[in-house]
Amino acid sequence: MRARSSARGSWSPRKVSSPWASRPKPNPPVNQPPTRLQSAVIPGSHTRKDPAPRPDKPPRRRGWLLRRALAALGVLTVLVTVGGLAAAVWVQKTYLTDLPPLPAREQLYAFNRTPAIKFFDRTGQPIAERGPRYGDQVFVAQLPAYVPRAMLAAEDRRFYSHGAVDLWAIGRAAFANHKAGKIVEGGSTLTQQLAKTLFLTPDQTFRRKVQEAVLAERLHRLLSKDEILELYLNRVYYGANTFGLDGASRTYFGKPATQLTLPEAALLAAIPKAPTRLALNHGMDQALPRSHMVLHRMQREGWITAEEEAHAIAAPPKLAATAQADDGDFGWALDYAATEAIRMAGPNSPDLLVRLSIDPKLQRSAAQILRQTVRAEGRASRMSEAALVSLAPDGGIRAMVGGTDYASSVFNRAVQARRQPGSSFKPFIYAAALERGVRPTDIRVDAPLRIGRWSPENYGGGHYGAVMVQTALARSINTVAVRLAQEAGPAAIGSLVRRFGFTSLPDEPGLSVALGAYEVSVLEMASAFQVFQQAGGRVQPYIIEEVRTVGGERVVVHLPSAPAPAYDAARAGLMLRMMQGVITSGTGKRANFGWPAAGKTGTSQNWRDAWFVGFTPEFATAVWVGNDDGRSMRKVTGGDAPAGMWRRFMVVAHQGLAPRDFDWLLPSVTAPSQDLGPLEPEAPAVDEADQGGFYEDLSAAFARTSADEEDAAWSQGSEAEPPF
C-alpha cells in the first residue's frame, strides 16, 4: 500500500505514529475526584468499571422527608412541652393549692404530733396517763432485723427497690381490684403512707391521693430510705391511742421494741392496716391471722426460714396485763381534760404533765353510785344512762361522770349531750321575775292557762288556786312559772341566762323556757346553779389546775379569782331560801341529807329526762338520768332516782366536814316557813318604793361582804404556790 503525501493527505506505507501518542496524559486536578467519564475509561481511576447511573431526584426527596420529619418532631415537642406545662399549672391550681409545706428534717419526728399527757390529781398524785402513747424513738440499726422486715412484709415488700411511688404496685392493685370488683389491695408505698400520716387527712379522694404522691416525692428527696422507714415506725398508729413501734410494744407487751420477738413483731406489723379494728386491747383474735400472713411473706422473701415461720405460728405472743386496761371511771374526765390541755398548750407542744381539779375519791364514788342505781332501778324504770358533775365553790370540777360504763361508751353525757332540763330550769325564771320586782311571798294564781294554742299543765293535773311564789317553786307548779315568765319578759330571761353561763339559748326565748324546753348540758346546769351558791357571782368551771412540760416548764396555772357579778346578792339569798324549801318540804325531799342545801327537781316532757340540781356551801352538783335515744322512762321524775343519786353522792362528798350554813347569807334574808298544806294567808301589799329600799339595803350589805371576800381571795392567790 502506498503512502499519500502529507500535504494532500496522501497515505504512505511507512508507519506513522499518532499525533496524540507523543502528548503526555493530562493528570486530574489535585484533590478532585475523577469525573464519571474518567472513572469509566481510565484504568485504576475507580473500583467500579461500569456503575449504573444515579438519578438526581431520589436523594433530594429523602432530604425533604427528613426535614419534614424533624420539623414535625420539633412541633410535637413544643406541643408536648406546652401541654405538660398547662397540665402542671392545672394540677397545681386544682389539687395543690392547699398542699402543706414540708417542715425541716429535724422537725419531722414531732410534726403534728399530739402530746402525750400524764395526769395528776389536785394534790399532785398520779392518776393516769392519757393522750397518745408514743414510747421512745427507735432506730432501724438498734432493732432486731426481723422487726423492720415484718413491717415491710406487711406494707411494702419492695420498699428498697422503688421510689416514692411504685407504679408496678399501682398496676398490680388496679388489676386485682378490677378482678375482684371491689377494693381488695392498695398500691400506696410506705413513703406515701407516711406522707398521709404526717400531713393529710384520711379522706379517700383523688385530690388527697395526688397530694400524697407529691409529698411522698418530697420526703423521698429529703430523707434516706432508712430514715423514711424509721420515721414511719415512730409515727404509725397501732390502735388504742398508741403511736409508734416502741409505744405499741410497751402498751401491748410491756417491753421496749428492742426486745420484741418474731411473733410479736409480726403481730404488731399486722395492726396498721386497720388499727381501730385490729387493736390488741380488744384481744388478738382478728390480728393474729394477719400476722400469719406477714410471717409467710417474710419466709417467701427469704427474710426468715420455714422453720422460723412454723415456730412463730406455733407460739403466739401473750399480751401484757395492762394491754386491755382502760381509764375506767376517770375516762370521761380525762377526755375532757386532755382536750382542754391541748387547747391551752397549743399545736406541736411537747409531752405534758397536767394537774387536775378532780378528787379521785369523789370521781370513783360518783361513777359507782350512778352505775349501781341504773343497774338496780334501770330495768323497772326504763332508764339506761346517767351523768353527774360536781363543782367546788371556786368552780373546780371535783367529779365528772359521763355515763355508766366508759368501756362500753366514751360519749360524755355530762358535756357533749344536750337535754331538756324540765322544771329544774325554773329557778332562772323565778330569778328573772325577782329582778322585775316579784317577791317570794307574792301571790299568784294556779289556774288553767292558755297562750295561743298552748295550754301548760301541772304534773298530775289539777290546780292549787292562789299560792305564794315560793310555794309554787317548791311544788314545781307549771302555770305559775309560765305566768312569771310572762311578767319578766323574754328579753329579761335571755339576759339573765347568758349571765348565768348558758350560751345556746336565744336572746329572747319563748315562754316554753319556763318549763325547760331548751336543751342544756349537765355541766352548764351545775355551773349556773353555782351562781346562787356564790351570792350571785359566777365562777367559770375548770378542770385543769396546772400544765407543765416534761422538762418542767410551766405552761398554764389556774389562779383563784373572785366571782364575776351575775346576779344581785340579796335576790340570790331569796332564791336560795326558796330552793331550800324544795328539799325540806317540796318535790326534792329525797335529796335531803341533813346539811343546809338548796336545789330543784326537773322532768322533761314524756319523762325523757329527769334531773336534780342542787348545792350546799361546799359543792354544787347536777345529776341527769335518761336514755341516749330519747325513749321515755317509766314516769321517772327528778325527785326519784336523780334526787337519790344526788343525796348519796353528797353524803360521800361531805364526809369529815362539819355542817355549816351559807356564811354570806345575812340573817335577815329568810323566806317565811312554807306550809304546803293549807294556803298561806295573803301577804300584805308592799309599796314599790319600800320594796326598792328593801333590796337596796340588802344589796349594800352583800356588796360589803363580797368585797371583803374578794380581797381575801386575791391575797391568798398571790401568796399560794400550787403543789405539783
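Residues numbered from 1 in each chain as written. Predicted model: local features only at pLDDT ≥ 70, side-chain atom pairs only at ≥ 80, totals over all residues. Heavy atoms only, no water.

**Let's talk about the overall build of the protein**
Moving on, step 1. Across its full length, the protein holds 22 helices and 14 strands.
Moving on, step 2. For the protein, the proportion of its 724 residues judged to be buried stands at 47%.
Moving on, step 3. Sequence separation of at least 24 residues holds for 71% of the intrachain contacts in the protein that already meet a minimum separation of 6.
Moving on, step 4. When the accessible area of the protein is evaluated, it comes to approximately 36,600 Å², of which 54% is carbon and sulfur surface. (Helix = DSSP H or I, 4+ residues; strand = E, 2+ residues; numbered from the N terminus. Buried < 20%, exposed > 50% of the residue type's maximum accessible area, 1.4 Å probe, protein only. Contact = heavy atoms within 4.5 Å. Areas by Shrake-Rupley, 256 points an atom, 1.4 Å probe, with all protein chains shown as cover.)

**Concerning the sheet that holds strand β10 (residues 554-557)**
Moving on, step 1. Strand order in this open sheet of five strands is β2-β1-β3-β9-β10, and the pairing throughout is mixed. Because the sheet does not close on itself, it has two edges, and the strands there are β2 (126-130) and β10. Direction aside, the axes of adjacent strands within the sheet are offset by 15° on average.
Moving on, step 2. Of the pairings in the sheet, the one linking strand β1 (residues 117-120) to β2 comprises four bridges and is antiparallel in character. If you follow Phe 120 over to β2, its bridge partner there is Pro 126.
Moving on, step 3. In this fold helix α13 (residues 331-345) packs onto β1, β2, β3 (352-356), β9 (544-549) and β10, with an angle of close to 120° to the strand it touches most, β1. (Pairing = 2+ DSSP bridges. Axes fitted to C-alpha atoms, helices over the stretch in contact; angles between N-to-C directions.)

**Quick look at helix α19 (residues 522-533)**
Moving on, step 1. With twelve residues, α19 should reach 16 Å at 1.5 Å per residue; the first-to-last C-alpha distance of 17 Å fits that figure.
Moving on, step 2. Counting buried positions over the twelve residues of α19 gives twelve, a clear majority of the element.
Moving on, step 3. Looking one or two residues beyond α19, the residue adopting positive phi is Ala 535, at roughly 55°. (Expected span 1.5 Å × (residues − 1).)

**Details of the packing of aromatic side chains**
Moving on, step 1. Counting across every chain of the model gives 18 aromatic pairs.
Moving on, step 2. When the centroid spacing of 4.7 Å and the interplanar angle of 35° are considered together, the rings of Tyr 237 and Phe 243 count as tilted.
Moving on, step 3. With relative accessibility at 22%, the residue Phe 243 sits in the partly exposed group.
Moving on, step 4. Put simply, the rings of Phe 425, Phe 428, Phe 500, Phe 502, Phe 529, Phe 532 and Tyr 567 pair up and form one aromatic cluster.
Moving on, step 5. For the cation-ring pair, Lys 225 lies above Phe 159, with the distance from its terminal atom to the ring centre recorded as 4.2 Å. (Phe/Tyr/Trp six-rings, centres within 6.5 Å; stacked < 30°, edge-to-face > 60°. Lys NZ or Arg CZ within 6 Å of the ring centre and 35° of its normal.)

**Observations regarding the pairing of strand β13 (residues 609-615)**
Moving on, step 1. Most of β13 sits inside the fold, with seven of its seven residues counted as buried.
Moving on, step 2. Here β13 shows no split at all, with Asp 609, Trp 611, Val 613 and Phe 615 on one side and Ala 610, Phe 612 and Gly 614 on the other all buried.
Moving on, step 3. As defined by bridge partners, strand β12 (residues 598-603) adjoins β13 across six bridges and the pair is classed as antiparallel. Directly across from Ala 598, in β13, lies its bridge partner Phe 615.
Moving on, step 4. Count of turn residues in the β12/β13 antiparallel hairpin: five residues, of which Asn 606 carries a positive phi of about 60°.
Moving on, step 5. Bridge count for β13 against strand β14 (residues 620-626) is seven bridges, and the pairing is antiparallel. Bridging across to β14, Val 613 finds its partner in Ala 622.
Moving on, step 6. Between the antiparallel neighbours β13 and β14 lie four residues.

**Brief notes about the nonpolar core**
Moving on, step 1. Counting residues in each nonpolar core, the largest one holds 82 residues, and the members touching the most others are Phe 425, Phe 428, Phe 502, Met 525, Tyr 567 and Met 575.
Moving on, step 2. Beyond its immediate sequence surroundings of up to four residues, Phe 425 is in contact with Val 497, Phe 502, Leu 505, Val 513, Gly 516, Val 520 and Met 525.
Moving on, step 3. Of all hydrophobic cores here, the second largest spans 55 residues; its members include Leu 143, Leu 267, Leu 295 and Ala 323. (Core = buried A, V, L, I, M, F, W, Y, C linked by side-chain atoms within 4.5 Å.)

**Some thoughts on the pattern of salt bridges**
Moving on, step 1. Within this structure, the stated rule accounts for 24 salt bridges.
Moving on, step 2. The partner of Asp 663 in a salt bridge is Arg 660, and the shortest N-O contact between them spans 3.7 Å.
Moving on, step 3. Arg 660 gets classed as partly exposed once you look at its relative accessible area, which sits at 33%.
Moving on, step 4. Via salt bridges that share partners, Arg 355, Glu 546, Arg 548 and Arg 554 belong to a single interconnected network. (Salt bridge = Lys/Arg side-chain N within 4 Å of Asp/Glu carboxyl O.)

**Quick word on helix α8 (residues 245-253)**
Moving on, step 1. For α8, the tally of buried residues reaches eight of nine residues, placing the bulk of the element in the interior.
Moving on, step 2. Of the residues making up α8, those classed as buried are Leu 245, Asp 246, Gly 247, Ala 248, Ser 249, Thr 251, Tyr 252 and Phe 253.
Moving on, step 3. Positive backbone phi, at 70°, marks Gly 254, one or two positions downstream of α8.

**Let's talk about the side chain of Arg 413**
Moving on, step 1. Positionally, Arg 413 belongs in the loop between β5 (397-401) and α15 (426-435).
Moving on, step 2. Looking at Arg 413, its side chain comes within polar contact range of the main-chain oxygen of Phe 411, at 3.0 Å.
Moving on, step 3. One polar contact links Arg 413 to Asp 628, side chain to side chain, over a distance of 2.8 Å.
Moving on, step 4. Each residue touching Arg 413, except ones within four places of it in the same chain, is listed here: Glu 385, Ala 386, Ala 387, Gly 402, Gly 403, Val 522, Trp 624 and Asp 628. (Polar contact = N/O pair within 3.5 Å; in protein donor to acceptor, adjacent residues only side chain to side chain.)

**Section: the packing of α8 against helix α9 (residues 262-269)**
Moving on, step 1. One way to put it is that α8 packs onto α9 with a least axis distance of 11 Å and a crossing angle of 115°. Comparing their axes, α9 and α8 come out roughly perpendicular. Classified by chirality, the crossing of α9 by α8 is right-handed. Of the residues in α9, those in contact with Leu 245, Ala 248, Ser 249, Tyr 252 and Phe 253 of α8 are Glu 264, Leu 267 and Leu 268. (Parallel < 35°, antiparallel > 145°, perpendicular 65-115°, else oblique. Left-handed = near helix turned anticlockwise from the far one by under 90°.)

**Things to note about the sheet that holds β12**
Moving on, step 1. Pairing is antiparallel across the open sheet formed by five strands, whose spatial order is β5-β4-β14-β13-β12. Both outer strands of the open sheet, β5 and β12, are each paired with one neighbouring strand and no more. Averaged over all pairs of adjacent strands, the angle between their axes in this sheet comes to 5°, without regard to strand direction.

**Here's the deal with the environment of Pro 565**
Moving on, step 1. Residue placement: Pro 565 occurs in strand β11 (residues 564-565).
Moving on, step 2. Taking relative accessible area as the criterion, Pro 565 reaches 82% and is therefore assigned exposed.
Moving on, step 3. Contact partners of Pro 565, with chain neighbours within four places excluded, come to Gly 536 and Gly 537.

**A few points about unusual backbone geometry**
Trans peptide bonds make up the majority, and among non-glycine residues the majority have a negative phi.
Moving on, step 1. One non-glycine residue, Ala 535, lies in the positive phi region at around 55°.
Moving on, step 2. Residue Ala 535 is classed as buried on the basis of its relative accessible area, which comes to 11%.

**Things to note about a nonpolar patch on the surface**
Moving on, step 1. Together, Leu 66, Leu 70, Leu 73, Leu 76 and Val 80 make up an exposed nonpolar region whose accessible area comes to about 510 Å².
Moving on, step 2. Assignment of secondary structure puts Leu 73 in helix α2 (residues 57-95). (Patch = residues over 30% accessible without salt bridge, like charges linked within 9 Å, V, L, I, M, F, W, Y side chains within 5 Å.)

**Considering the confidence of the model for the protein**
Moving on, step 1. Across the protein, the average pLDDT comes to 82, with 77% of residues at or above 70.
Moving on, step 2. In the model, residues 1-23 has pLDDT below 50 throughout and makes 16 contacts with residues more than four positions away in sequence or in other chains.
Moving on, step 3. Here residues 671-724 is a poorly scored stretch, pLDDT under 50, and it has 70 contacts once near neighbours within four places are set aside; other chains count. (pLDDT = per-residue confidence, 0-100.)

**Observations concerning the environment of Leu 231**
Moving on, step 1. Structurally, Leu 231 can be placed in helix α7 (residues 225-235).
Moving on, step 2. C-alpha separation for the pair Leu 231 and Gly 244, spaced 13 residues apart in sequence, amounts to 8.9 Å.
Moving on, step 3. With sequence-adjacent residues up to four places away left out, Leu 231 is seen in contact with Leu 108, Tyr 109, Leu 194, Leu 198 and Leu 223.

**Concerning the packing of helix α11 (residues 287-300) against helix α12 (residues 306-314)**
Moving on, step 1. It is the contact of α11 with α12, at a shortest axis distance of 9 Å, that shows an interaxial angle of 170°. Taken as axis vectors, α11 and α12 run roughly antiparallel relative to one another. Within the contact between the two elements, α11 uses His 292, Leu 295, His 296 and Gln 299 and α12 uses Ala 306, Glu 309, Ala 312 and Ile 313.

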